[in-house]
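# Descriptive structure summary
Spelled out, the chains give:
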Amino acid sequence: MDNSNTIQKEIRGKIHNQGVGLDPLVVISLLIKNWYIFVIAVFVALMGARVYISHTLPIYRVSTTILINDTGERSMMNNDDLLQGLGLPGGMRNMENQMYILSSREVTERALSDLPFEIEFYFKTARNKMSIYPDSPIKLLSDGEIPLPRDTEFSLEYLGNNMFHIESESDRFPFSQNASFGEVIELNGGSFHIECWNEDWFKINDGKDLNFLIHSRRHLISYFNNRINVNLLSRGGSILEVSMVGTNAARDVDFLNKLSEVFIAISLDKKNVEATRRILFIDDQLIGISDSLALTENKLQKFRSANRIMDISSQGQAIIAQVTLLENERARLKLEANYYDYLADYLAKEVSTEIPIVPITMGISDPGLTRLVTELAELQEQLLSRRVGEMNPLQNLLDQRVRSTKAALLETLNGLRRANSLARHENEVQINKVNTQASALPVTERQLLGIERKFRINDELYTFLLETRAEQQMQKASNVADSEVINIADSQFRYRVAPNPTKIYFVGMFAGFGIPFIIIFLNFLFNKKLKEEDIRKMTDIPIAGTIPKSQDKKNTVVFENPNSTIAEAYRLLRSKMQFFTKETSSPVILVTSSMPGEGKTFTAINLASVYSLLGKKTILVGYDLRKPGIYNDFLLENNKGVSTWLIGQDKLEDIIQKTSYENLSVILAGPVPPNPSELTSLEKTNDLLNLLKERYEFIIIDSSPIGLVSDTFHLASLADSCLLVVRSGKTLRDMLSLTLREIDSSNIKGISLVINDAKSDATQYIYGDKFGYTNDKASGNKIFGGKKKVKKDAKLK
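Conventions we followed
- Residues numbered from 1 in each chain as written.
- Predicted model: local features only at pLDDT ≥ 70, side-chain atom pairs only at ≥ 80, totals over all residues.
- Heavy atoms only, no water.
- Helix = DSSP H or I, 4+ residues; strand = E, 2+ residues; numbered from the N terminus.
- Buried < 20%, exposed > 50% of the residue type's maximum accessible area, 1.4 Å probe, protein only.
- Contact = heavy atoms within 4.5 Å.
- Areas by Shrake-Rupley, 256 points an atom, 1.4 Å probe, with all protein chains shown as cover.
- Pairing = 2+ DSSP bridges.
- Axes fitted to C-alpha atoms, helices over the stretch in contact; angles between N-to-C directions.
- Left-handed = near helix turned anticlockwise from the far one by under 90°.
- Nonpolar A, V, L, I, M, F, W, Y, C, P; charged D, E, K, R; others polar.
- Arc of directions from axis to C-beta.
- Patch = residues over 30% accessible without salt bridge, like charges linked within 9 Å, V, L, I, M, F, W, Y side chains within 5 Å.
- Salt bridge = Lys/Arg side-chain N within 4 Å of Asp/Glu carboxyl O.
- Core = buried A, V, L, I, M, F, W, Y, C linked by side-chain atoms within 4.5 Å.
- Phe/Tyr/Trp six-rings, centres within 6.5 Å; stacked < 30°, edge-to-face > 60°.
- Lys NZ or Arg CZ within 6 Å of the ring centre and 35° of its normal.

Looking now at the overall build of the chain. Per the secondary structure count, the chain includes 25 helices and 22 strands. Looking at the chain residue by residue over its 797 residues, the buried ones come to 46%. At a minimum sequence separation of 6, the contacts of the chain that also span at least 24 residues come to 77%. Roughly 41400 Å² of accessible area belongs to the chain as shown, and the carbon and sulfur atoms make up 53% of that amount.

Here it is as C-alpha cells:
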C-alpha cells in the first residue's frame, strides 16, 4: 500500500492541459502516410495542365519601335531656327504627350478606318473563338450600310452548289435563311448580298461552320485601344515601343503598322497646316499690293507717254529715294499692325483650335513678343493634344498657364500696338516733310515724282511678299515628320506570352501537392479526435497498456481467441497492473472513460478475463447504471443486479451470476433506476465492495464515463486503481482535456491510461507455441495452438 501511495504521489501533479504543438515529425508522418494521395493528385493536376494547354489559344505579343526626333526646346531658340523646317513647338515633341497620342482613341479610330476589321470571321470550339484573319472566304456587300445588327454573332454553313445557310441564335435578333452566293437578301428595310471569294476554303474546312461578327464602331475602337501598350525603352532616349498582346498576331501586326503610319502623319500634317496658314496670310497681303502695283504701273506709263518725259532731275531722284525708304517703313509698320490685329483677334477667342503664327515669320523681331507667342504656341499644342489624351492629369494646370500667358501676351501686345501707332504717325510726318520739298519742283516733274514713288514702293513690297511666300512654300515642301519607325511590327518576330507550358506544369505540380497537403493538414489540425501520439503529449499519466485494433465482433476476445494479439495485450496490461496493486488484497480496479464508445466495457470484460485465466477468482461488476451492457456479452438476463441490491430488493447471492468461464463471475447493473447518481453515492456501494473483497481476489468495475456523469467519481474514490480508457481516433481532445482536469482536482488514486484501438504498422512475430506476435498475415489476430516455425529473419520479442 505504501508503494501504491508513492506511485500515486509521483503521478499527482503530472496531469496538465498541454496544447498539442506542431511537430515536424507529425507533418512528415502525414506525408508518408498519404503518399498515394499526393501521387494521384499530382498526376491529375499535370493531366489537367496538359488539357488546359492544348485547349487554350496561344497569346502572342507583337511590337513596333518609333523614334521621336528630339529637336530641342523652342522657347529660347533664335529666329533662323524657328523658320527652319517650320518645326512645331516643344509640346508636340514632349515624350509624355507622344505616348498619350499613340494610345489615344482618335489615333486608333483613324487607324481602324483604313483596316478591314469591322467584320471578323472565326471558328468556334468548345471554349475558344479562333479568328481566321487574314483569310476572308466571303465578303458582305451592300449599296449602303449592311443591315445586319452590330455585335451579333452569325454562323454560315456552306451547303454546296453555291448555296449557304446563314442564321443567328441571338434572342435580340433571331434570323435564319438559305440563300446562294450573290443573291440579294432583304432585311430591316435594307439589302445585302454575300460573295464567295474562296470556294476551296469551304472544301478544305468541310463540316465547320464559319462564324462572323460585325463590330460596332465603339466596340471595335475600345477593343484595340485598350490593348495598346506604349513604353519608353530608355529613360535617356526617345524611342517608344508600342506593343499589343492577342491571339491573332497577324491582325495585331497590321494594326500596329497602320497606327504608326497614322501617328507619323499627325505631326507632318500639323506642320503642313501651320505652313499653309502662313502662306494664306501672305496671300491676303499680296492681293491688295498687287492691285495697287498694277494701277501705279499703268498710271506711270500713261504719264510718261503723255508728257514725253522718261526721267527726273537729281533732286527728284534724291527725294524719291528718301520717300521710298519712308514708304517701305510705312509698309513694314502696316504689316506689323495687321499682325497685331490678327493676334488680338486670336487672344479674344476663349477657345481656339489653332496655334498662333510665330511673329518672326512676319518679320517682327521683338524678343519679348516672340518668347510669349512661342510659349503660348507650346501650351496651346499641349492642350490640343489633350483632345487625344483626355486622362492627362496636367489638364487644369495647362489651362491656368494658357490663361496667364495670354494675359501677359495681351499686355505686351497693347504696348507694341501703341508703339506701332506712334511710329506710323512719325512716319507720316516724315513723308509730309519730303512731300513739301517735292512741291518746289516743276509741276510735271513733281507729278512724275509722285507716281514713280508709289510705283517703287508697291513694287518693292510686292517683291518682298513674293520672296517670303516662296520661302514658306519651299519650307513646306521640305517638312518631315518628327518621328519615324525603327522596327515595323512583324509576325515573324512575335513572342508567345501565354500559355507558358513550363509555368503551368509547375503550377499544376505545386497545386497537385499543395492542395491535398492543405486539406490533409487542415483536417489534422481541426480534427478533435485524438491520435495515439496526441494522447502521449497531453498528459504524463502513465500508460498501463496499449490495445491493438480488434477485428472480432464479440467483446469476449480473450476467451474466444486466447492466443490472439489482443489477448496478449491484456495479459501485458494485467502484468503492469501489479505495479499498482501488488500489496493490495483483493484490489478493486475501476475501468472508465471520458466519453462513450472508447471501449471501457470491452476493456473491463477482457481485463477480468485475463485475471480469471490466471486462476484468480474474479468478479466483473457492471456499475454503469445508466447504460447497462455486460449482460449481452455473457448472454444473461439483466432483471437484477447492482441497482436491485442497492434498493434492498435482492440479496448478494441473488445478484452474483456465474458465467460459462471458470473463475469469472459477474454482477450485472440491473434495471435502469430513475436516480443512478443517488444510488451510487449510497454507503451500500462501499458495503458491496467490502463483501466482494471477502469472496474474490480481483474486483473489476465497469462504470459510466467519468467525463460525462458524476457517478464514477464516487466509485473512483473507493477503488484501489483506476484505468482511464482512451480510444485512438475516437476520443475528443476537449473531452479528454476536461476529464483530466477533473481527475486532477478529485484526488483519484492509482490513475493510469489504457490506449484502445491502437493502429500499428509494425510486423507481428510469434514467440513460443501458443502466444506472442506473428508475421503471418493470414493469421490475423489468431494464433492457434501447436508449434509454429519462425522465419529466420524474424526478431524475437
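Alright, that's what it looks like, and here's the rest.
What follows concerns the sheet that holds strand E3 (residues 129-131). Strand order in the open sheet formed by six strands is E3-E2-E10-E5-E6-E7, and the pairing between neighbours is antiparallel. In the strand order of this sheet, the two ends are held by E3 and strand E7 (175-180), each with one partner. The mean inter-strand angle of the sheet, taken between neighbouring strand axes irrespective of direction, is 30°. When strand E5 (residues 153-160) meets strand E10 (residues 210-214), the two strands line up antiparallel, connected through four bridges. Looking at the pairing, serine 155 lines up with asparagine 211 of E10.

This paragraph deals with the packing of helix H3 (residues 35-54) against helix H14 (residues 501-526). Relative to each other, H3 and H14 sit at 145°, their axes nearing to 8 Å. The chirality of how H3 crosses H14 is right-handed. Note on element contacts: H14 touches H3 through Pro501, Ile504, Tyr505, Gly508, Met509, Gly512, Phe513, Pro516, Phe517 and Ile520, opposite Ile37, Phe38, Ala41, Val42, Ala45, Leu46, Ala49, Arg50, Tyr52 and Ile53. The residue makeup of the contact of H3 with H14, split by class, is 17 nonpolar, two polar and one charged.

What follows deals with helix H5 (residues 95-102). Think of an α-helix as 3.6 residues a turn; residues three or four steps apart then line up on the same face. All buried positions along H5 are accounted for by Met95, Asn97, Gln98, Ile101 and Leu102. Buried residues in H5, looked at end-on, bunch into an arc of 160°, giving them a common side.

Together, Trp35, Tyr36, Val39, Ile40, Phe43, Val44 and Met47 make up an exposed nonpolar region whose accessible area comes to about 740 Å². The class for phenylalanine 43 is exposed, based on a relative accessible area of 54%.

This part covers the nonpolar core. Membership of the largest hydrophobic core comes to 40 residues, with the highest contact counts inside it found for Val621, Ile667, Leu692, Ile701 and Leu724. In terms of residue count, the dominant contributor to this core is strand E22 (residues 751-758) (four residues). Counting 33 residues, the second-largest nonpolar core is a separate cluster that includes Val558, Ile589, Ala608 and Leu620.

Looking now at the environment of glutamate 167. Here glutamate 167 shows up in strand E6 (residues 163-168). A sequence separation of eleven residues divides glutamate 167 from leucine 156, and the C-alpha atoms of the two residues are 6.7 Å apart. Excluding its chain neighbours within four sequence positions, the residues that come into contact with glutamate 167 are Glu153, Phe154, Ser155, Phe175 and Ser176.

Enumeration according to the criterion identifies 23 aromatic pairs in this entry. Between tyrosine 223 and phenylalanine 224 the ring centres are 5.2 Å apart and the planes differ by 85°, which places this aromatic pair in the edge-to-face class. Look at phenylalanine 224 and you get buried, because its relative accessible area is 1%. A network of ring pairs unites the aromatic residues Phe123, Tyr158, Phe164, Phe181, Trp201 and Phe202 as a single cluster. Lying over the aromatic face of phenylalanine 224, arginine 227 brings its terminal NZ or CZ to 5.2 Å of the ring centre. For the cation-ring pair, arginine 494 lies above tyrosine 60, with the distance from its terminal atom to the ring centre recorded as 4.3 Å.

A word on the sheet that holds strand E19 (residues 664-667). Remark on secondary structure: sheet strands pair via backbone hydrogen bonds, oriented parallel or antiparallel. An order of E15-E22-E21-E16-E20-E17-E19-E18 is seen for the eight strands of this open sheet, with the pairing classed as mixed. Each having just a single partner strand, strand E15 (543-548) and strand E18 (656-658) make up the two edges of the open sheet. When the angles between neighbouring strand axes are averaged without regard to direction, this sheet yields 25°. Docked against the sheet, helix H17 (residues 565-581) engages E15, strand E16 (588-593), strand E21 (721-727) and E22, running at close to 175° with respect to E15.

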